[in-house]
Amino acid sequence: MMQPDSEFSLQSRRQFLSRLGLGAAATWTLPLFLDRTFGALENDAPSVTQALTGKDSPILVVLQLAGGNDGLNTLIPYSDDTYHRLRPTLGFAADKIHKLDDHFAFHPALTGLKSLHDDGLLTTIHGVGYPNPNRSHFRSTEIWQTASAANVTEKHGWLGRYFDNACKGCDASVGVSLSSDMPQAFAAASPTGICLATNNRRLNEKGEEEDTGGSSIDMLSGATASKISPLDYLKRTSLDGRMSNKRISEILGKTPTPSGFPNNALAQQFSTISRLIAGGLPTRVYYLSLGGFDTHNNQQATHERLMDTLGSSINAFVREMQRQGNYQRVMLLTFSEFGRRVAENGNGGTDHGTAAPMFITGGAIAPGIHGKAPSLTDLDAGDLKYTTDFRNIYATVLDKWLKTDSSKVLQGKFATQDFVKA
Amino acid sequence: MLPQAEKSGWNYASAAHLLNRAGFGAPPREIEAAVKAGRAATIARLLKAPAPVADPSFASTEKLNAARGELALMSPDERRAFIKETIKKSGEDLRMLRGFWIDRMLQPEAAGVEKAVLFWHGHFATSVVKVKNPTLMWKQNQLFRKYAFGDFRDMVKAISCDPAMVLWLDLQQSRSGAPNENFARELMELFTLGIGNYTEDDIKASARAFTGYRTQGLSGTFDYVEQRHDDSEKVFMGKRGQFSGDDIIDLIFAQPACAEFICRKIWTFYAYEEPEPVIVKALADTFRKAKFQLRPVFDEMLNSRAFYSAEAMGTQIKSPVQFIVQGCRELECDPPAPVVLQQTLRGTGQLLFAPPNVKGWDGNRAWINTATLADRVEFTDTLVSTSAKRRLIGNPLPVEKLVTDEMINNSALLIDGLATRLLSVSLDQATRADLIAEAETHDKPLSRSATLSLIGKMLRLPEYQLV
C-alpha cells in the first residue's frame, strides 16, 4: 500500500534532492566510509526526519543463518540412540558437548550460548518450521522472509509489512541491514530500510577474497518489491542514504567501539549495532546475516567455526547490552531457512532438511528450552516434522514485543507463545 | 513469432537502447554509425559467433599442469608451502582476471558476446570463494563464451562436466551409495526448469545419475570415474532406465517448462522484468523449433517491437558491471586499474567470479540500496576528480572528446549534449534548468575543471543509474 501522502512527499523529496545534488557545497557522504571518515564529515542535509521511536522503544535484532543450519548438531539430542545411529561420523559423543539437561546439549563450540543459557538470558525453541516444507534455499528463505504459507508467493517481507503498518512516516533508518544487501524481509510497499556495510568492504590492496567458509550459499536476499517507478526508487534511496548518513556518522563519531567483541565479521557488525543503539539511532529492526551453513560435505570443521562465531558474537552483544543498560530494550532472534536431514550423507555432510531450533535472547524473554523436540524416528521423507510454526514465533514477537497487531502484519491470526514474558 | 519492430522506429534512441542492452553502450559516434548501418546489421554484429579468446597468462591451464608436475616431486611440507603460496597468489590472479574480462567487454566487437557471457555467469552462478582456483573460473568463463549464442542443451551438458561447477555444487564428493543432491537440485531449480516442475524424488534419482563426476586436483581436468557411478535403474520424470547424467539432461529438455524458463530469464535480463506470457511463449516456441539453439531466440528478441517499447527503454537499473563498462564507453576513458575496479565491483555488489550464491545476482532494484548507491557515486566522483587519487584509476578523462567548442560556449547545448551522451531517460525540466544554471555560474568558454565538475554532477543523477 502506498501512503496517501507519498506523491507529495516524493515531489518534495525531488526538489530537495535537486537542491542537494546540484548545490555547490553538496557532499554525498558515504555510509561505506563511515568508520574512516566520520571525523571529517561534511553534510548540509537539514534533519527533516524525526525520531518516532523514543529512547525506550523496543528493538528487534534478526540474525539469519544462511544456507540451512544443521539443527541436530546445534541443539543435540544426545540421549537419543537414533541420533548416534544416523550420524555415525558427525554425531557428538556425550562427553564433548555442553549439556543442558538429560536429553539435550549445545554444540561444543557454542560456549557463548551455553553461558547465556546458564545465566537465564537465552530461550531455545525446538523444531521450528512450517507445513509442507520446501527444500530449496531460495524458496524456503522467501517463505521465512515473507512469512507466507508454503503454497503462496508473497512479495513483501514480514518486517516490511511491519514498517508499512506500524512505522508510517519514520526515518528510513527504522530498519537497518548490516550488509550490502537489503533482505527480502524488509521489502515493503513503501520502501524502508537502509544498508550499512562498515566491515570487510574497504579497499584491500592485496585483493583478497572474503571467505564464507567454502559454501555455495552466503547471504540470501530477494528482489526489492515496491510499486514506485525505478527512477523514484533511485531518488528515494539516494535521499535516504544522505539523511541517515548524517545521523549515523554523528553517532559513530561520538560512540567508542566497545571492547569484548571477537574479531570476526559478525561480531564486528554486532559491535556496530551496539554503538548505534547506545547513540540512540531510532531503529526498530536491525538485520544481519551469517552465511556458510550449506554444509553438504566435510561439515565438521566448517560447522564448528560457524557455531563458535555465532555463540561468541551473540554472547558479546548481550553482555554489551547489559553493560549499556539496554538489554531490556532488545530482543534478538536467529533463524535459518531449514535444518538438515537427520541422516548424514556419505560425504561427511548433510543435505537439505526441514525444522530446526531458534534462539531468542533479550530482556523480555522467558528463558529455557521451549516447545516439543521433533521425533527422530517419526519422519517425513527422512526429515523432521516441525513442532512449532515460525509464524507463531513472529506473531509473539510482533504482538508482545513490538506491540503491534500481528494479524495485520502476518495477514492472518497466529497464536502467540509464552517465550516472551507477559 | 513476436511482432517485429517497425523500420520507421529505428533511430538514435532505439540504436542506443540496442547497443546498451545487448552490449555495454557506446559513444555517440558509434551510435550514429549503427543508425546508418541499420537494425539488422547492428543485431548481426552483436550476435556474431564469438572469436576464440586466448587464455591470459595468469589463468592458463599450462600453468596448472606445470604446477601439478612440480607437486608430484615435492615432499609433503614443500607441497603444503607451495599450495599456501599458490592460494596467496591466486588473489592477485583473480584481480587481473576481473580486469581482463572487463577489458573484453569494452571492445566494441566483443560487447555482444561478453554481455551474453555475463548473463550466463549470473545464470550458472559459480563462486571462486568455494572453487578457490581462478584458472578454473576462467575455464568456465570460456565455456560460456563458446556457447554464448549456441546450443543450450550442449551448454548444460558441458557445465555438468565443468571443473569449477563440479567443485562448486559438490559433484566432486558424489558417488554411488553416497549421492550428493546439491547439483541435481540446482540443475532443475535454477538452471533449466524452475521450482515446481520436478519432485524431490526426481532430485534424488538424478543425483544418482550424476555420480562419478570428478575434477583432477590442481590441473582442473574433468574425469568420469566409472567405479564411482551409480549405474542402477532410476525413475526420473516418470521414465525408468539406467540413466546417465546426459540422459537426465535430455529428459529435462523434453519438459515443456524448460524452454519457457530460460526464455523468460533471457528476456528479464535483456528487456524487462515479468514479461507478458505471450512473449515468453513465442520465444519458447522459437527455441524448441530451433532445437535449443540460442541465437534465434536472441535474434527474435532484439528484433521485436516489445524490446523497443516504453516498458523496455530506460527502465532498467544498470548492473554494477554495466554501470562501470558503459560509463567508460560513454566517457571514452580507460577502464580503472584492476585494484579500483575490484573495489568498486565489491562495493556496488557485483564482484565478478564471486556471486553471492548459486542463484546469482537478483538484479534491478536489488542492486540499489543506500550502501551500493554510495559506492556508485564514489566511483563516478573519482572518475571526474582532478585530485591525486585520480591517478589510482588511470589516465584523466579525455574531456576534449566529450564536448565541442560550441558546447563549452553555450550552457544549454552543453547540458543537452552531455545528456544525449550519458542518459537513457530524458531529464525533467527542473533538473535540466538546475544544471544549466549551474553551468551559467562559470565563465565561458568553460574550463576543463568546470566541465568535469558538471559531468560529475550528471553522473550523480539518479537518472544516470537507468539504462
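Residues numbered from 1 in each chain as written. Chains lettered and ligands numbered in written order. Predicted model: local features only at pLDDT ≥ 70, side-chain atom pairs only at ≥ 80, totals over all residues.

This part is about the overall build of chain B. Within chain B one finds 25 helices and four strands. Its C-alpha atoms give chain B a radius of gyration of 24 Å, near enough to 23 Å, the size a compact globule of 467 residues would have. Dimensions of chain B along its principal axes, counting C-alpha atoms only, are 80 × 60 × 35 Å. Burial statistics for chain B: of 467 residues in total, 52% are counted as buried. (Helix = DSSP H or I, 4+ residues; strand = E, 2+ residues; numbered from the N terminus. Rg over C-alpha atoms; globule rule 2.2 N^0.38 Å. Buried ≥ 20, exposed ≤ 12 C-beta atoms within 10 Å, placed from the backbone.)

A few words on the nonpolar core. Soluble globular proteins tend to pack their nonpolar side chains together in the buried interior. The biggest cluster of nonpolar side chains holds 129 residues, and the ones touching the most others in it are Cys263, Leu283 and Met301 of chain B. If one sorts the elements of this core by residue count, helix α14 (residues 256-270) of chain B sits on top with eight residues. Not counting residues up to four positions away in its chain, the partners in contact with Met301 of chain B are Ile266, Trp267, Tyr270, Ala271, Leu283 and Phe307 of chain B. Counting residues in hydrophobic clusters, the runner-up holds 110 residues, among them Leu65, Ala185, Val397 and Leu410 of chain A. (Core = buried A, V, L, I, M, F, W, Y, C linked by C-beta atoms within 7 Å. Contact = placed C-beta atoms within 7 Å.)

The subject of this paragraph is the environment of Phe92 of chain A. Residue and element names in this part refer to chain A. For Phe92, the location among the structural elements is in the loop between α3 (81-86) and β3 (98-99). Its 19 C-beta neighbours within 10 Å are what place Phe92 among the partly exposed residues. In this structure, the C-alpha to C-alpha distance between Phe92 and Leu178, residues 86 residues apart in sequence, is 33 Å.

What follows covers the confidence of the model for chain A. All names here are of chain A. In the predicted model, chain A carries a mean pLDDT of 81, and 79% of its residues have values of at least 70. Note that pLDDT drops below 50 for residues 1-54; the model gives that stretch 86 contacts with residues more than four away or on any other chain. Note that pLDDT drops below 50 for residues 199-223; the model gives that stretch 86 contacts with residues more than four away or on any other chain. (pLDDT = per-residue confidence, 0-100.)

Turning our eyes to something else, we now look at the sheet that holds strand β2 (residues 75-76) of chain A. Residue and element names in this part refer to chain A. Read across the sheet, three strands follow the order β2-β4-β3 without closing on themselves; strand pairing throughout is antiparallel. Both edges of this open sheet fall to β2 and β3, since each of them pairs with a single strand only. Where β2 meets strand β4 (residues 105-106), two bridges bridge the pair, whose relative direction is antiparallel. The residue bridging Ile76 from the neighbouring strand is Ala105, located in β4. (Pairing = 2+ DSSP bridges.)

This brings us to the confidence of the model for chain B. A low pLDDT score tells you not to read the predicted coordinates there in detail. Of the residues in chain B, 96% have a pLDDT of 70 or more, and the chain-wide mean is 92. Scored as a whole, the predicted complex attains pTM 0.80, and scored at its interfaces, ipTM 0.86.

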